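# Chains, contacts and geometry: an overview
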Amino acid sequence: MPLLHAGWDVAPGGRFGPVTGTATAALGVLFATATGHFNDLPWWYAVVAGLAGTAAVAVAAARRGTSGGSTAYRAVCMACAAGWAAWTWAGGGPYTPGALLAWAVGTAALGALAPGVGRREAAAVERRTAALALTARTRRAQEWTVLLAGICKVAVEEVVAVEPWPPTAGCDEPGYTVEVRLGGGATWGEVAACAGRLASKMRLPYGCGVNVSQGNGADMVLLAVSTRDALRDEIPYPEDCPMRSANDDYDIGVRRDSSKRMVNTRENSILIGGKKGGGKTTLTYSLIGRHAEMVDQITCVID
């Protein structure tokens, strides 16, 4: 009997495995068929239900962009379920030896096909994802080539890479980094002078911007483009804090790209300034807490 589990995935590692998913679907079909048979439903009800299920599979596949092979597999599952149910309703019911044997053989056959279909579908999804990512990188590369030439008046020899930042709890892509090789003797400082204008031209949200730094070479420039301000997210102090040494670097927050902001305050002085309500006290508490985790120094606070 077909693999019709409570979910769309048939790939290994999904919500249901090949054995659990197949057993769940097969038992569900057996229960539904027995219910229809004991209520004396006509056999063509099963055919109508199978056609409706096949249509639903086609619509869902079109919306999800699912590959043809996995769509055909699901349609075959629907057809097998409808055919077996109609046959048993028209005959002696689902609990006759012949009906149960057909149910068991169909379950085993279609369940054995599920992992292969799932792997092919997963591979197709990976190919589509890679193609979309490549298209997005190409579009951004062309966009920044035009921006740098128009805003900064510098020549772009090559956009070496466009790398999206890791997703955060509040955003799938909080920003990205563009690595550019400049031409015509231009320097990264010329681009840095136009960072504000670049952010304005990109219409970046409040709290976001373009951070310009030198790349791995005199003619290389890195553009860190934040599309979501990660600094507005509340970051709780970690509950499980390992003990550390005063010689170690430690993090006191995150950057706009959600990477940890590492510092080392051994034999250093710190001056914290800012407007009222800007987080000065919170930063002070974080520093005191981090220093209290160090086993080779004593922290004294004078208020």
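Thresholds, definitions, all that
- Residue indices begin from 1 for each chain and proceed along its sequence in written order.
- Local features in this predicted model are restricted to residues whose pLDDT is 70 or higher, and side-chain atom pairs enter the listing and the counts only when it is 80 or higher, whereas totals over whole chains, interfaces and linings include all residues.
- Where side-chain values are given, they derive from all heavy atoms of the structure, hydrogens and water being excluded.
- Note that patches include only residues with greater than 30% relative accessible area and no salt bridge, and the join distances are 9 Å for like charges and 5 Å for nonpolar side chains (Val, Leu, Ile, Met, Phe, Trp, Tyr).
- Accessible areas in this description were obtained via Shrake-Rupley with a 1.4 Å probe; residue shielding takes into account the shown protein chains only.
- Salt bridge, as used here: a side-chain nitrogen of Lys or Arg that lies within 4 Å of a carboxyl oxygen of Asp or Glu.
- Strands here mean DSSP runs of E at least two residues long; helices mean DSSP runs of H or I at least four residues long; both are numbered from the N terminus.
- Note on pairing: two strands pair once DSSP finds at least 2 bridges between them.
- Between the N-to-C directions of two axes lies an angle of 0 to 180 degrees, each axis being a line fitted to C-alpha atoms and, for a helix, fitted only over the stretch in contact.
- We call a residue buried when its accessible area falls under 20% of the maximum for its residue type, exposed when it is over 50%, and partly exposed in between, using a 1.4 Å probe and counting protein chains only.
- Whether two residues are in contact is decided by their heavy atoms, any of which lying within 4.5 Å being enough.
- Two N or O atoms count as a polar contact when they lie within 3.5 Å, although within protein this holds only if one can serve as hydrogen donor and the other as acceptor, and sequence-adjacent residues are included solely when both atoms are side-chain atoms.
- As used here, the term nonpolar core means buried Ala, Val, Leu, Ile, Met, Phe, Trp, Tyr and Cys residues forming a set that is joined through side-chain atoms within 4.5 Å.

A contiguous nonpolar patch, built from L41, W43, W44, Y45, V47, V48 and L51 and spanning about 690 Å² of accessible area, is present on the exposed surface. On the secondary structure map, W43 appears in the loop between α1 (18–38) and α2 (44–64).

If you trace the four strands from one edge of the open sheet to the other, you get β1-β2-β4-β3, paired in antiparallel fashion. Two strands in the sheet have a free side with no partner beyond their single neighbour: β1 (155–164) and β3 (210–214). On average, adjacent strands in this sheet sit at an angle of 20° to one another, irrespective of strand direction. Where strand β2 (residues 175–183) meets strand β4 (residues 220–226), seven bridges bridge the pair, whose relative direction is antiparallel. Bridge assignment links T177 to a residue of β4, and that residue is A224.

Pairing between β1 and β2: eight bridges, direction antiparallel. Within β2, the residue paired with V162 across the bridge is V178.

What follows deals with the environment of V225. Relative to the assigned elements, V225 resides in strand β4. What makes V225 buried here is its relative accessible area of 0%. Sequence separation between V225 and C208 is 17 residues; the distance between their C-alpha atoms is 7.7 Å. Residues in contact with V225, not counting those within four places in the same chain, are W144, W165, P174, G175, Y176, L204, G209 and V210.

Tracing the sequence through the fold places S245 in the loop between β4 and β5 (250–254). Separated by 2.6 Å, the side chains of S245 and D296 make a polar contact. Sequence-distant contacts of S245, defined by excluding residues within four places in its chain, comprise M294 and D296.

The next thing to look at is the pairing of β3. Relative to β4, β3 is paired through five bridges, and the arrangement is antiparallel. Paired with Q214 across the strands is V221, a residue of β4. Between β3 and β4, which pair antiparallel in sequence order, lie five residues; one of them, G217, sits at a positive phi of approximately 150°.

It is worth spelling out the environment of A85 at this point. Relative to the helices and strands, A85 resides in helix α3 (residues 68–90). The class of A85 is buried, set by a relative accessible area of 7%. Every residue in contact with A85, bar those within four places of it in the chain, is listed here: T33 and A46.

Residues W144, L148, V191, L198, V210 and L223 are the most contacted members of the largest nonpolar core, which totals 27 residues. Of all the secondary-structure elements, those providing two or more residues to this core are α4 (97–152), β1, β2, α6 (195–201), β3 and β4. Element by element, the count of residues in this core is highest for α4, at six residues. Not counting residues within four places of it along the chain, the set of residues in contact with V191 comprises L148, C152, V154, L182, L198, V212, V221 and L223. The next biggest cluster of nonpolar side chains, apart from the first, holds seven residues, and it includes V29, L30, A81 and A99.

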